[in-house]
Amino acid sequence: MAKFNKDSIGGTITVVVLLSLVCSIIVAGSATLLKPQQEEQKLLDKQKSILSVADLLPANASGKEVRAIFAKNIEPRCVNLDSGNYVSCPANFDAVLAAKDPQTSQAIPASEDKAEIRVRAKLAEVYLVKNNEGQLQQLVLPIYGTGLWSVMYGFVSVAPNGDTLKGITYYDEGETPGLGGEIENPKWQAQFVGKELYNAQGQPAIRIAKGAYETDPKHGIDSLSGATLTSNGVQGTFDYWFGPNGFGPYLMKLKAGELN
């Protein structure tokens, strides 16, 4: 049998290939083992964001406390965005993944795509926030739209009247730190509290512009200084998701008392 010469070119290549194979096995195995923990953490972060915008997240709450509060006060429901009716949620429903599947999504005509997302899932998961007596206190709705550099994902809290904003949070965005990234600043987000989503004609009315907070008390939000395109992205997000192709039909039925 020929002796293996690790100092030869062939030997060096063999060692490199073997090391790469071992590393690949270790990395793949680690990813598989860690996936359940990663999914659990992802779900926990989502629950924290929902509780935060609903003003139900205690400071320094543990994961166990977050899960308990969420289970007690939050009822997830799925909505058909076209009809505005509640429907059964598919198992492990994820709107982002559903938007990538032609069977569970629909393209948005360019003339209507104010959020610049091109396609959306046919269903959306909404979160009914209830008190200890089971009475509806607010709704948490997912929203997203394109800013300057990224798709900006957030949640808004709406009063049971389907019109008054109670809070907003952005939890995933890649805008410029100190400029567009200020959409995560609690001081900027505080402007949304108490604003009305719709005007007297039932049209989306949130207006994000310089000085709008003072000039339009019902609907105005000051735009972010030095971040015009990010502000425009937030404007487009509200225009789309609270219009006829987003949560508009659902909120109209909620106002009319047509939903259980």
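Residues numbered from 1 in each chain as written. Predicted model: local features only at pLDDT ≥ 70, side-chain atom pairs only at ≥ 80, totals over all residues. Heavy atoms only, no water.

J.: Residues and numbers for the layout of surface pockets, please.
T.: Computed from the structure, the largest pocket encloses a volume of approximately 980 Å³. As for the largest pocket, its lining consists of 34 residues, of which Lys 42, Lys 46, Phe 93, Asp 94 and Ala 95 are closest to the centre. Counting residues per element, the ones that place at least two in the lining of the largest pocket are helix H1 (9-53), helix H3 (95-98), strand E5 (123-130), strand E6 (136-146), strand E7 (151-158) and strand E8 (165-172). The volume enclosed by the second largest pocket comes to roughly 220 Å³. Around the second largest pocket, the lining residues are Val 96, Ala 99, Lys 100, Glu 116, Ile 117, Arg 118, Val 119, Tyr 144, Thr 146, Val 151 and Tyr 153. Those elements giving two or more residues to the lining of the second largest pocket turn out to be E6 and E7. Here the lining of the second largest pocket is built from residues that sort into seven nonpolar, one polar and three charged. (1 Å grid on protein atoms, 1.4 Å probe; cavity = no way out; pocket = protein on both sides within 12 Å on 5 of 7 lines; lining within 4 Å. Points joined across faces, edges and corners; volume = space filled by probe spheres on them. Helix = DSSP H or I, 4+ residues; strand = E, 2+ residues; numbered from the N terminus. Nonpolar A, V, L, I, M, F, W, Y, C, P; charged D, E, K, R; others polar.)

J.: A description of a nonpolar patch on the surface should follow, citing residues and the corresponding values.
T.: Residues Leu 148, Trp 149 and Leu 229 make up a contiguous nonpolar surface patch of about 350 Å² in total accessible area. The residue Leu 229 is located in helix H6 (residues 228-241) in this model. (Patch = residues over 30% accessible without salt bridge, like charges linked within 9 Å, V, L, I, M, F, W, Y side chains within 5 Å. Areas by Shrake-Rupley, 256 points an atom, 1.4 Å probe, with all protein chains shown as cover. Salt bridge = Lys/Arg side-chain N within 4 Å of Asp/Glu carboxyl O.)

J.: Lay out the sheet that holds E8 with the relevant residues and their values.
T.: Strand order in this open sheet of six strands is E2-E1-E5-E6-E7-E8, and the pairing throughout is antiparallel. Strands with a single pairing partner mark the edges of an open sheet, and in this sheet they are strand E2 (86-87) and E8. Relative to E5, strand E1 (residues 74-80) runs antiparallel, the two sharing seven bridges. Opposite Pro 76, over in E5, you have Tyr 127 as the bridge partner. Sitting on the sheet, H6 is in contact with E6, E7 and E8, with an inclination near 125° to E6. In this fold helix H7 (residues 248-255) packs onto E1, E2, E5 and E6, with an angle of close to 165° to the strand it touches most, E6. (Pairing = 2+ DSSP bridges. Contact = heavy atoms within 4.5 Å. Axes fitted to C-alpha atoms, helices over the stretch in contact; angles between N-to-C directions.)

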